[in-house]
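# Coordinate inspection notes
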Amino acid sequence: MAGVYAELLCRSNFSFLRGASHPEELILAAAERGLAAVALADGDGLYGAVKAHLAARAAGLKYVLASELTLMDGPRVVVYAQDARGYANLSRLISKSRMLHPKGEAGLPWRELAEGNEGLLAMLPYPVPTAQVAPLAESFANRFYVGVCRTLSSGDEARVAQARSLARELGAPLCAHNDVHTHHRARQPLQDVLTAIRYKTTLGQLGTRRLPNAERTLKGPEEMARLFADCPEALERTLELAGRCHATLDGLRYHFSEEDLPPGHSTSTWLRELTYQGLQVRYPSGVPPEVVKQIEHELKLIAALDFAGYFLAIWDIVRFARSKGILCQGRGSAANSAVCYALGVTAIDPVRMGLLFERFLSMERKEPPDIDVDFEHERREEVLQYVYEKHGRHRAGMVCEVICYRGRLALREVGKALGLSLDQVDRLAKVAGSHGGEMSPELLKEVGLSEEDRRVRQTLALAREIEGTPRHLSIHVGGFVITREPLVEMIPVENAAMKGRTVVQWEKDDLEAVGVLKVDLLGLGMLTALARCLELIRVHYGRELTLATIPAEDPKVYEMLSNADSIGVFQIESRAQMNMLPRLKPRCFYDLVVEIALIRPGPIVGDMVHPYLRRREGLEPVVYPSEDVRRILQKTLGVPLFQEQAMKLAMAVGGFSAAEADGLRRALSHKRAEERLGPFHQRFIDGGVARGYAPEYVDTLFKQFRGFAHYGFPESHSASFALLAYASSWLKCHYPAAFTAALLNSQPMGFYAPHTLVADAQRHGVPVLEVDVNHSDWDCTLEEGGLRLGLRMVRGLQEAAGRRIGAARRGQRFTSIGELARRTRTPRHELARLALAGALGSLSGSRRDSLWEIQALGPLEETDLFFGMAMDGTPVELPRMNVVERVSTDFETVGVSLEKHPLELLRPALRKRGAVTAAGLERVRAGSRVAVGGMLICRQMPPTAKGFCFLSLEDETGIANLVVPPDAYARFRKDIHGALFLVGQGTLEKTGKVMNVKVQQLEPIVSSVRV
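Description of the structure in this document. (Residues numbered from 1 in each chain as written. Predicted model: local features only at pLDDT ≥ 70, side-chain atom pairs only at ≥ 80, totals over all residues. Heavy atoms only, no water.)

The next thing to look at is the overall build of the chain. Across its full length, the chain holds 42 helices and 23 strands. Over its C-alpha trace the chain gives a radius of gyration of 33 Å, about what one expects of a compact globule, namely 30 Å for 1011 residues. Here the C-alpha coordinates of the chain stretch approximately 90 × 85 × 70 Å along the principal axes. The buried share among the 1011 residues of the chain stands at 57%. (Helix = DSSP H or I, 4+ residues; strand = E, 2+ residues; numbered from the N terminus. Rg over C-alpha atoms; globule rule 2.2 N^0.38 Å. Buried < 20%, exposed > 50% of the residue type's maximum accessible area, 1.4 Å probe, protein only.)

Here it is, written out as structure tokens:
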């Protein structure tokens, strides 16, 4: 019976909370059951089309491109693409249906489908009154089918009779389908849960909205033949309909936009001219011959692959940003390109650094180049809207990101659907989030749940099953698709939730699979901070600086970093990086390139970190088995730290071709890298041994390559980041007040909370002044060499109100709270926030006095005649807040206290426990037992740490680092995740300037201080 049936109505989980199976599962099941073809007909979208297309190609099964369209004035209808024109119309119709409505909604007038259905077939899945569908059926002529379905549920035969009658009246063929929601009956419980989630209710309250049985599953030809033994022609029509559809995604032809070319130029010739113009800027003393050679090589390859328009579009976007004073920098593998460097897209000279262009672009793989450009995160929207305006929304759209169920979200939504209370769900999710999702009976008992509870067991089981299921569409962090032809005819486009944004329905992996180029326009908080810092330096110090003119290779900067003084510095401020800095002792820019690359899962898993450090410290000889290896690894002391080095070694040692080496890189970069590396292992061993290398050495190299499967940097990417790391380090070193102000004004960003940034600035001798309505602007500012906290720091104060206060004060300072209220029209609740923050100190005696005054003011409604006037002047003596209350309130309202650090208040209690300060650890001998307490500011459990947990505790003197072994973590997990103030006891470990307390005992510090 194989091949006598095609399933033409499958809803995958890309129908979002309707189908319960992945597209690949449906395709594989269809192939195993011997179906002739299968069509995904997800609602108003082609979200899973690429995944289904790739799976069908691998399985040798015919895949029909289709979607079920919602009609605003008619029944839902499934539409199939016959050919390229039909696919373009299907994509255009879906786009229009989505763009007419807010995100998540869809609907077309039936006439839109009737008038634009060239190359399309249609099937009405369920019968409706003839009048509702006759005009639409007529518009499709002999391309319209009436669907018939038997699901072994109530009303089946009546629906079959109605479908037969409708088919006769319309003169349309009857076509069978099974309204598939799952690839296997065992998936039905999950489908029920998804339905409950969609309706925002529980399974018990779903009623008839729940499918009555598990029959809407993918069935084989034999089972369908039994169901339709009375009308076999309906099965035959499925083969007819599928046979009429020849559209395939292999037929997509993508071309990048080619606008704004000067007369007489093609994209290739204009790119060449711009490149050579840029070279004169990059090399004012003359372009080196090796650079010209590399440029010519790249331009030839770019032209051959027809990617010149892509490079021109990136150049144009960067040109626009710089014309508006927006800091930007290209990074990633694009930094391997001399053309990108000449165009000003990247800032790394790839020829001087010896970077591998084939890591970016090669003739062998013919894949789209991937150029990432970072912009100031607060001004990136200007760049995005420029792209929309220049290319039009019909030819430009952002890449989507499919949000899938993971961890806590899966537990929460499944638990609620199964009827667990909100409190139970919260407790379950909390313990899952703090323990990596593993649920032992002991953990469940700890949060008051029992493994014996059937609903708890079902929740855990179905939460595991729902993992990876698409939930909704979001926006990729910065991906943009720009096309020469109408984008809406290539990929459906829809509105995003964010105003002014439209997205395509395919994620980045799908786009790459069908050869569609994307541009990554990313927001980077550090660029915002750097731009603000440079402006503060210009205004307050009269020094004009740019990223390009910051003095290079400053010994003071490297000395600062060697002391692990890097709080706030880009990329090297994490706990692990700060531990590495004193060991690496950077002395030049390339040391920063290595530093950034070392603390990544790849080098850690590949056991590259310690060999590199030993060799750098002279404790281990550097031996190269050949000159080829020396040339590749000399910069990194014989240790492969970068993806480019892995590719070069694959060719030099393993004898790989450039295409094979790139295949290895792609395998290493894939999320299923471990399984994809298998074929390369023996090939590399055999090639290396054949070329005279010792088997042990070749095997060790490949094991190091495996580390990159856990995320390793390209050298070009690390070098691009190192530029910003150095720039931020130089500014922190020479202008700490301006640097800290810029960081505070760019929040949220970075690794540390504002109170840690402020404390670090104070330790560097920067005077920090409190928030005050008579001195503070909205942003933090510089004042007499110090840093004045801005009104933006006051939690609960709207930006509009803060800026009004700053603008009103410029004419004349405020003399009373009533005057402040009248001149700025600030509402009472925001005045109260200012009072609690201590920002009214120049107008009133104390915070409580300020609050009393605010309550005594007249009405604060906009049109009231007595707005802000004092209604009661009775003097009242109020008790002042004590120091604990003030510090606690500071943290609640501003996030930082300038009066005291909370640990100063706890110090007497800590002394009784024998705890030293963070700074005091320097005076303790290595190997000694020690106790140290502080406010928990950082908690990390990286996957590469093998169960170890790393804590950073901040006190009034600095930051202490604690290492919690797995057994101790199990004992103290509740306090690690629940307490704000901790004291740890253990053994002090010292390696040079790096200090860690290996924890044996950990407990919370009981205190009345609330922050």
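This part is about the sheet that holds strand β17 (residues 786–788). Pairing is mixed in the open sheet, where three strands are placed in the order β15-β17-β16. Taken across any chain shown, the strands that pair with only one partner, and hence form the sheet edges, are β15 (768–769) and β16 (781–783). Across two bridges, the pairing between β15 and β17 is parallel. Among the inter-strand pairings, Leu769 is bridged to a residue of β17, identified as Arg788. (Pairing = 2+ DSSP bridges.)

Attention now moves to the side chain of Lys518. Relative to the helices and strands, Lys518 is located in the loop between α20 (508–513) and β14 (519–524). When residues no more than four places from it in sequence are discounted, the contact partners of Lys518 are Tyr310, Asp370, Val399, Phe480, Val481 and Lys508. (Contact = heavy atoms within 4.5 Å.)

Let us look at the pairing of strand β5 (residues 120–124). Of all five residues that make up β5, five are buried, and the element is covered over most of its length. Residue alternation in β5 divides its side chains into two sets, Leu120, Ala122 and Leu124 and Leu121 and Met123, and both sets are buried. Inspection of the sheet shows strand β4 (residues 77–81) paired to β5 by four bridges, in the antiparallel sense. Of the residues in β5, the one forming a bridge with Val79 is Ala122. Sheet topology note: the β5/strand β6 (residues 144–148) ladder contains three bridges and is parallel. Looking at β6, one finds that Met123 is bridged to Tyr145.

In this section: the sheet that holds strand β1 (residues 6–10). On the basis of which strands lie adjacent, the open sheet formed by seven strands has the order β1-β2-β3-β4-β5-β6-β7 and mixed pairing. Either end of the sheet is taken by a strand with one partner, and the two such strands are β1 and β7 (174–176). Strand-to-strand twist across the sheet, computed as the mean angle between neighbouring axes with direction ignored, equals 30 degrees. On top of the sheet, helix α1 (residues 23–32) reaches β1, β2 (37–40) and β3 (62–69); it is set at about 160 degrees to β2, its chief contact. The strands touched by helix α5 (residues 130–140) within the sheet are β4, β5 and β6, with β5 carrying the most contacts at an inclination of about 150 degrees. (Axes fitted to C-alpha atoms, helices over the stretch in contact; angles between N-to-C directions.)

Here the focus is the nonpolar core. Counting residues in each nonpolar core, the largest one holds 130 residues, and the members touching the most others are Phe144, Phe311, Phe480 and Trp506. Of all the elements, helix α12 (residues 308–323) adds the most residues to this core, at ten residues. Among the nonpolar cores identified, the runner-up in size contains 101 residues, and Ala727, Val758, Val894 and Val896 belong to it. (Core = buried A, V, L, I, M, F, W, Y, C linked by side-chain atoms within 4.5 Å.)

Let us look at the environment of Gly278. Looking at the secondary structure, you find Gly278 in helix α10 (residues 267–282). In this structure the C-alpha to C-alpha distance between Gly278 and Leu343, which are 65 residues apart in sequence, comes to 5.4 Å.

Attention shifts here to the packing of aromatic side chains. Taken as a whole and assessed by the stated rule, the structure comprises 16 aromatic pairs. Summarising the aromatic geometry, the rings of Phe140 and Phe144 are spaced 6.2 Å apart at their centres and angled 50 degrees between planes, so their arrangement reads as tilted. Exposure remark for Phe140: the relative accessible area of 0% places this residue in the buried category. Directly above the ring of Tyr199 sits Arg209, whose terminal nitrogen or CZ lies 4.8 Å from the centroid. (Phe/Tyr/Trp six-rings, centres within 6.5 Å; stacked < 30°, edge-to-face > 60°. Lys NZ or Arg CZ within 6 Å of the ring centre and 35° of its normal.)

Of all eleven residues in helix α7 (residues 188–198), nine are buried, a share of seventy percent or more. Those residues of α7 that fall on the buried side of the exposure criterion are Gln188, Leu190, Gln191, Asp192, Val193, Leu194, Thr195, Ala196 and Ile197. Along its buried surface, α7 packs onto α16 (407–417) and α19 (454–466). Phi turns positive, to about 55 degrees, at Lys200, one or two residues after α7.

Glancing now at a positive patch on the surface. A cluster of basic residues, Arg408, Lys430, Arg939 and Lys974, forms a positive patch at the surface. Position of Lys430 among the secondary structure elements: in helix α17 (residues 422–434). (Patch = residues over 30% accessible without salt bridge, like charges linked within 9 Å, V, L, I, M, F, W, Y side chains within 5 Å. Areas by Shrake-Rupley, 256 points an atom, 1.4 Å probe, with all protein chains shown as cover. Salt bridge = Lys/Arg side-chain N within 4 Å of Asp/Glu carboxyl O. Lys, Arg positive; Asp, Glu negative; His and termini not counted. Charge placed at Lys NZ, Arg CZ, Asp CG, Glu CD.)

Right, let's talk about the environment of His246 for a bit. Position of His246 relative to the elements: it lies in the loop between α9 (232–243) and α10. Placed 536 residues apart in sequence, His246 and Leu782 show a C-alpha to C-alpha distance of 67 Å. The residues contacting His246, other than those within four sequence positions of it, are Lys62, Ala81 and Gln82.

Bringing the state of the cysteines into the picture now. Within the structure shown, the criterion is met by zero disulfides. Residue Cys149 stays outside any disulfide, its sulfur separated by 11 Å from that of Cys175, the closest cysteine. Given a relative accessible area of 5%, Cys149 falls into the buried group. No disulfide involves Cys733; its sulfur sits 12 Å from the nearest other cysteine sulfur, which is in Cys533. According to the relative accessible area criterion, Cys733 is partly exposed, its value standing at 25%. (Disulfide = S-S within 2.5 Å.)

The subject of this paragraph is the packing of helix α21 (residues 525–541) against helix α33 (residues 715–734). The geometry of α21 relative to α33 is characterised by a closest axis approach of 11 Å and an angle of 35 degrees between their N-to-C directions. Judged by the twist between their axes, the crossing of α21 over α33 is left-handed. In this structure, α21 contributes Met526, Leu527, Leu530, Cys533, Leu534 and Ile537 to the contact, and α33 contributes Leu724, Ala727, Ser728 and Leu731. Its residues assigned to classes, the contact of α21 with α33 comprises nine nonpolar, one polar and no charged. (Left-handed = near helix turned anticlockwise from the far one by under 90°. Nonpolar A, V, L, I, M, F, W, Y, C, P; charged D, E, K, R; others polar.)

Tracing the backbone shows Gly802 in helix α36 (residues 799–809). On the accessibility criterion, Gly802 (0% relative accessible area) is buried. For the pair formed by Gly802 and Asp779, sequence separation is 23 residues and the distance between their alpha carbons is 9.1 Å. Once you skip the residues sitting within four places of it in the chain, Gly802 turns out to touch Trp778, Leu791 and Leu797.

Let us look at the pairing of strand β23 (residues 994–1004). Bridge count between strand β21 (residues 958–964) and β23: two bridges; the pairing is parallel. Residue pairing in the sheet places Val963 in a bridge with Lys998 of β23. The pairing of strand β22 (residues 981–991) with β23 spans ten bridges and is antiparallel. Looking across to β23, one finds that Val983 is bridged to Glu1003. Once β22 ends, the chain turns through two residues before running back antiparallel as β23, passing Gly992 with a positive phi of about 65 degrees.

Take the pattern of salt bridges next. Close approach of charged atoms allows side chains with opposite charge to pair. Evaluation of the coordinates by the stated rule reveals 62 salt bridges. A salt bridge links Arg412 to Asp426; the shortest N-O distance between them is 2.4 Å. Here the residue Arg412 occupies a position in helix α16, and Asp426 occupies one in helix α17, the gap between them amounting to 14 residues. Judged by relative accessible area, which is 29%, Arg412 ranks as partly exposed. A single network of salt bridges, built from pairs that share partners, joins Arg11, Asp44, Glu68, Arg76, Asp179 and Arg216.

The quantities given are spatial measurements derived from coordinates; they are silent on function.
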